[in-house]
Each structure stands twice: as structure tokens, then as C-alpha cells.
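# Working through the structure, step by step
Here is how the chains run, residue by residue.
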Amino acid sequence: EAAAVAAPSQPEVAAGSAASAVVLPERLQRREAERQQGVERQRQKKEAQVVKEEQSEFFLAAFAREREAVEALLAAGTLEEAAARLQALQKLLTGSVRFLAPYEVRQGQETVARLQGDLAARRQQLQPKKKFAFRALKKEAAPGSAPRPAEPAPPAPAAPGPGLAEGESGGPPLCGFSGAQDEELELGPAELLQRDVLLSELRGCRVRLRGNPNTLRVRDCRGCTVLCGPVSTSVLVDGCSDCLLALACQQLRTHRTRDCRVYVQVTSRAVIEACTEVSFAPYSWSYPGIEGDFESSGLDRNSNNWNLVDDFDWLATDKPSPNWSLIPEQERITCWD
């Protein structure tokens, strides 16, 4: 009788074995499904990597061909064609940013900036020299007559200070301002059209650039407001602090800059390096004639990556960079006058 109580009946043993047989395949099936999902994810990842590498290889080959073509045109002095090919090179880089590695983007941007500097230098080098002419000798003033006032010297172009920023040519810029303090400074469409502009070592100034420059460099400025119309190619902000900038361009690079607010329209991803407390908002400055300047610049008004920023000093992908932020909508400037 005791043995009968202790030992389970044959039907109970059979039922338990059947339940185990059901549970075991379910676990195996679950594990197999998870394994298959993992294999599929790895396959998709590998395929995506292969596509990315193929795109990168194609870009590098095309970029190298275009760069060599631009360099040859610059050497031959065919500057207008060189400028057009350089703009196409910039667009190729802008359209490829999404699948390039950060170091490839950086190398491409440095190459474009160098070629832009070379183009500006060649333009200045090939400018026609003034014709020689004899000047009449000054007549000595008659005794007792008042001396003639000296003619004012023409304003000198803004000269770069010590230490050129990345991508700048060694020669003087074609137009811009340098060394001013607490001034209202302005250039118009005729002065800016496809020119290379440098603003350097300004303190507490408000600068309005109403027109379409080719490039813009803002270097070593403090406490300034810079409002600029559409720039055909690149903008470089270097060594600035406590500035407010409104910029529209194909490419924006910001170096060694802190505590600045940037209202930007940019067709590629903006890049910051060695920067802190830089904040971004969409470009909102306007002036009469800006639509025509956008047309001449070639910028697409419907393409704006103002909130996509690559920080070359922040490599973590799972956490946002602490060096830049977005300006809250309620704090953005809507009236610039």
C-alpha cells in the first residue's frame, strides 16, 4: 500500500513525459527563431557595409578626378571653368556626406577649402596690372599761399592677422573688414557678388553682408553680430566667441569657437571642432533682394540641415555631443532690425 502511494501511476508518468516533450520543442523553436533573426541582422548589416564601401570607393575616385581637373584649370589660368568645376566638386561632397566616414568628410572639406584659397590667389595674381603713366611733378606752392590738402588714401583691404585659418590663401582677401571696434559695417550686392570675404579681429561690431559672396571666413571676432546673404560655397568660423551669426551656405565649418549662436541654412552637415557652447537655429534673416541672391548662389532653399551637426571631438554614437545644442523655438530671433 505504501509503495502504491509513493510511486506514480503509469498514466501520470506518461502525461508528464508528454508535457516535457511539448515544452522542449517550443524552447528549441524559440531559440532557433532568435538565431535566425540574429543571422539575418548580420547579413543585412554586412550587405549595408558592402554598399557603403562601394559608394565610398566611387566617391573617392570621382572626387580625385574632379580635384585634378580643378588643379589643372587653375594652373592653366582658366579660372571661370575652374570655379564652376570647384562648385561641382563641393556639391559632390555635399551629396555624399551621408555614407562617408567622418575622416573622409573632413579630408574632402579641407581639399575644397584649399582649392578655394588657390582660386582666390590665382584671381588676384591674374588681375590686370595698372598701366604705367607719367605723373606730373608737384609744383612748389607760391610763398604765402595755403598748402593743398593731401588727397585721402584709398581704404586698404582687410589684411589677415598672424596665423592663417585653415583654407585661407596667403594673399590679402578681395574684400572684408579687419580690426574694427564697435562699428556698423556693411557691404552690398555689387561689392559681394562671387567674392571671397574675410572678417577678422572685429570687436563689438554689427556686420551686414547683403549679397552673394563666394566664400566667407569669420576669424578671431568677439561680441559681434554677422548677418550674411547666401554664400555659394563654404563658410569658415574660426576662433570666435560671444557672436551671433546668420549664414546660408553649402558647407559650414566652425573651429575653436565658444558661446556663439548660429542661424544657418546649410545643404550639407555642419561641422564643429574644438568648440563649446555653440547653438543652432534655422536661418531667418531677410532683406530686399535676397531671393535673387539665393538664385545666383545656386543654393536650394528647400534643403536645410541646420540641426544636423558633426562634432569631430565627440565620437560617441549613443550620446549627443555636449558641445552644441539647438536654440529653443521660443528663444529664436524673428525680427533682426
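None of these values were measured; they are calculated from a predicted model. (Residues numbered from 1 in each chain as written. Predicted model: local features only at pLDDT ≥ 70, side-chain atom pairs only at ≥ 80, totals over all residues. Heavy atoms only, no water.)

### A word on the overall build of the chain
- What the chain contains, in helices and strands, is six helices and 14 strands.
- For the chain, the residues scored as buried account for 40% of the 337 residues in total.
- Taking all contacts inside the chain whose residues are at least 6 apart in sequence as the whole, residues at least 24 apart take part in 42%.
- A total of about 20000 Å² of accessible surface is found on the chain, and carbon and sulfur atoms cover 54% of it. (Helix = DSSP H or I, 4+ residues; strand = E, 2+ residues; numbered from the N terminus. Buried < 20%, exposed > 50% of the residue type's maximum accessible area, 1.4 Å probe, protein only. Contact = heavy atoms within 4.5 Å. Areas by Shrake-Rupley, 256 points an atom, 1.4 Å probe, with all protein chains shown as cover.)

### Quick notes on the nonpolar core
- Grouped together as the largest cluster of nonpolar side chains are 39 residues, with contacts concentrated most on L199, L202, L216 and L252.
- Excluding residues that lie within four positions of it along the chain, L216 makes contacts with V197, L199, L209, C228, V231, S234, V235, L236 and L247.
- Formed by 18 residues, the second largest nonpolar core is a distinct cluster that contains F59, A82, L86 and L115. (Core = buried A, V, L, I, M, F, W, Y, C linked by side-chain atoms within 4.5 Å.)

### Overview of the sheet that holds strand β9 (residues 251-255)
- Reading across the sheet, the seven strands line up as β1-β3-β5-β7-β9-β11-β13 and stay open at both edges, with parallel pairing between neighbours. Looking at which strands have only one partner, the edges of the open sheet turn out to be β1 (175-178) and β13 (309-311). Within this sheet the neighbouring strands show an average axis-to-axis angle of 10°, counted without direction.
- Relative to β13, strand β11 (residues 270-273) is paired through three bridges, and the arrangement is parallel. Among the inter-strand pairings, A270 is bridged to a residue of β13, identified as V309. (Pairing = 2+ DSSP bridges. Axes fitted to C-alpha atoms, helices over the stretch in contact; angles between N-to-C directions.)

### Comments concerning the packing of aromatic side chains
- In this structure the tally under the stated criterion is five aromatic pairs.
- Their ring planes at 75° and their centres at 6.4 Å tell us that Y283 and F294 sit as a pair that is edge-to-face. With Y283 in the loop between β12 (276-282) and α6 (290-297) and F294 in helix α6, the pair connects residues that are 11 residues apart, well separated along the chain. By the burial criterion, Y283 is buried, and F294 matches it.
- One cation-aromatic arrangement involves R301 over F294; the distance from NZ or CZ to the ring centre is 3.9 Å. (Phe/Tyr/Trp six-rings, centres within 6.5 Å; stacked < 30°, edge-to-face > 60°. Lys NZ or Arg CZ within 6 Å of the ring centre and 35° of its normal.)

### As for the side chain of T111
- Here T111 shows up in helix α4 (residues 102-125).
- When residues no more than four places from it in sequence are discounted, the contact partners of T111 are F63 and R67.

### Section: the packing of helix α3 (residues 79-96) against α4
- Two elements in contact, α3 and α4, have axes whose closest approach is 11 Å; the angle formed by their N-to-C orientations is 165°. As far as their axial angle goes, α4 and α3 are roughly antiparallel. The handedness of the crossing between α3 and α4 comes out as left-handed. Together, L79, E80, A83, L86, L89, Q90 and L93 of α3 and V105, G108, Q109, V112, L115, Q116, L119, R122 and R123 of α4 make up the contact between the two elements. (Parallel < 35°, antiparallel > 145°, perpendicular 65-115°, else oblique. Left-handed = near helix turned anticlockwise from the far one by under 90°.)

### A word on the layout of surface pockets
- Estimated volume of the largest pocket: approximately 460 Å³.
- Contributing to the lining of the largest pocket are 21 residues, with R269, V309, D310, D311 and W314 lying nearest its centre.
- For the lining of the largest pocket, the secondary-structure elements that each account for two or more residues are α4 and β13.
- Ranked by residues supplied to the lining of the largest pocket, first place goes to α4 with four residues.
- For the lining of the largest pocket, the per-class residue count stands at 12 nonpolar, two polar and seven charged.
- Three or more residues apiece are contributed to the lining of the largest pocket by two domains, here domain 1 (27-126) and domain 2 (176-331). (1 Å grid on protein atoms, 1.4 Å probe; cavity = no way out; pocket = protein on both sides within 12 Å on 5 of 7 lines; lining within 4 Å. Points joined across faces, edges and corners; volume = space filled by probe spheres on them. Nonpolar A, V, L, I, M, F, W, Y, C, P; charged D, E, K, R; others polar. Domains from an automatic or database assignment.)

### Considering the environment of C240
- Along the chain, C240 falls in the loop between β7 (234-238) and β8 (244-249).
- With 15 residues separating them in the primary sequence, C240 and H255 have C-alpha atoms 8.3 Å apart.
- Here C240 is in contact with V218, R219, D220, C221, R222, R256, T257, R258 and C260, once residues within four sequence places are set aside.

On their own, these measurements won't tell you what the molecule is for.
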